Amino acid sequence: MPSIRIDKISKSYAEVQALSEVSLSVEKGELFGLIGPDGAGKTTLIRIITTLLLPNSGTASILGFDSVTDYKKIRGIVGYMPAVFSLYADLSVQENLNFFAGVFGTSVEENYDLVKGVYHMLEPFKDRPAGRLSGGMKQKLALSCALIHRPKVLILDEPTTGVDAVSRKELWDLLHEIKGHGITIFVSTAYMDEANQCDRVALIQKGKILGVNTPNGFAQSFPFKLFEVKSDDIWRKLSDIRSLPTCETAYMFGDSLHFASNSANETHESVRNLLKGIGADNIETVREIQAGIEDYFIQQLSENEIKV
Ligand SMILES: Nc1ncnc2c1ncn2[C@@H]1O[C@H](COP(=O)(O)OP(=O)(O)OP(=O)(O)O)[C@@H](O)[C@H]1O
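Residues numbered from 1 in each chain as written. Predicted model: local features only at pLDDT ≥ 70, side-chain atom pairs only at ≥ 80, totals over all residues. Heavy atoms only, no water.

Naming follows an unreviewed UniProt entry, where the chain appears as ABC transporter ATP-binding protein of Tenuifilum thalassicum.

Across the 7 residues of strand β11 (residues 225–231), 5 count as buried, placing the element largely inside the fold. Pairing geometry for β11 and strand β13 (residues 256–261), over 5 bridges, is antiparallel. Within β13, the residue paired with V229 across the bridge is L257. Sheet topology note: the β11/strand β14 (residues 283–289) ladder contains 6 bridges and is antiparallel. Each bridged residue has a counterpart across the sheet, and for V229 the counterpart in β14 is V286. (Buried < 20%, exposed > 50% of the residue type's maximum accessible area, 1.4 Å probe, protein only. Helix = DSSP H or I, 4+ residues; strand = E, 2+ residues; numbered from the N terminus. Pairing = 2+ DSSP bridges.)

Right, let's get into a nonpolar patch on the surface. A contiguous nonpolar surface patch, about 370 Å² in accessible area, is contributed by Y88, F99, V103 and F104. Looking at where F104 falls in the secondary structure, it is placed in the loop between α3 (93–103) and α4 (112–122). (Patch = residues over 30% accessible without salt bridge, like charges linked within 9 Å, V, L, I, M, F, W, Y side chains within 5 Å. Areas by Shrake-Rupley, 256 points an atom, 1.4 Å probe, with all protein chains shown as cover. Salt bridge = Lys/Arg side-chain N within 4 Å of Asp/Glu carboxyl O.)

Moving on: the layout of surface pockets. Which parts of space are left empty comes out when a probe the size of a water molecule is rolled across the atoms. As a volume, the largest pocket reaches approximately 410 Å³. Residue lining of the largest pocket: 21 residues in total, with G79, Y80, M81, P82 and F100 positioned closest to the centre. Every element with two or more residues in the lining of the largest pocket is listed here: α2 (71–77), β6 (78–81) and α5 (135–147). Of the residues assigned to the lining of the largest pocket, the class counts are 15 nonpolar, 5 polar and 1 charged. (1 Å grid on protein atoms, 1.4 Å probe; cavity = no way out; pocket = protein on both sides within 12 Å on 5 of 7 lines; lining within 4 Å. Points joined across faces, edges and corners; volume = space filled by probe spheres on them. Nonpolar A, V, L, I, M, F, W, Y, C, P; charged D, E, K, R; others polar.)

Now the structure itself:
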């Protein structure tokens, strides 16, 4: 039995179709990522599986418990960290932890082995009101509170949004540590680079799942030849580059340009000549590279955008 099973879930808000027949299955002990841009439907799906929202059609279950009929059971076995900070701002860190432990009839001490990684980071601030913590610390406190009853499944809605780079890394390290305790983790994010942290990933856009795969599986299925172009001012030529006959897609990737060619005969020399032909003379390097998961996502999202 999978940990999470989502079967043809659809949900609309008036005329907005937030989810269209979404089906997914998450295995026990997996760290599963739901990745998609703002408005893709991530929060809606998470609110349905955490029993907070009713779907229009379809079913969702956690460890065999149905999200509608067995909602009380699900609430006992799931740890949920919402996208919006929802702890008690006036209570201290320690008071929030004690409160959530009390609600579930447990204590911090009883679950110390599970929360100790994140608790260590919070300890220097344990008397500070939660509302006065930094963004990263607020997320760590929310994570501790979601874990305090030793859930079997941990569900996190965009835990790293608006968090600085160091805290983002710390949060992902903590998730790996929690996975080590055998807890299934379902996490949503809009940051494509975070896909590499997951065992498997579902890519969602406009309420539809575009694919489910391992990060490596996604990267391997990039269907075009890919070239990295380094040049100071290449971004100025982006729209001309996109109009080149063999250019499937082109986009800035950090400080370089990624050029995906739909020609099997494309070489770094032919790309350089194409660029020269449109007046891009300032090229430092052009080299063929292996696509990463972000390249796959960018290509899929833009292809889907054009089709809709
Ligand atoms: N209560 C609501 N009423 C009307 N439309 C809504 C409501 N909640 C969400 N939507 C719409 O449903 C779609 C999916 O939203 P959802 O919040 O699930 O996406 P998301 O991927 O979590 O994005 P974000 O990170 O921006 O919240 C969006 O078009 C959004 O505007």
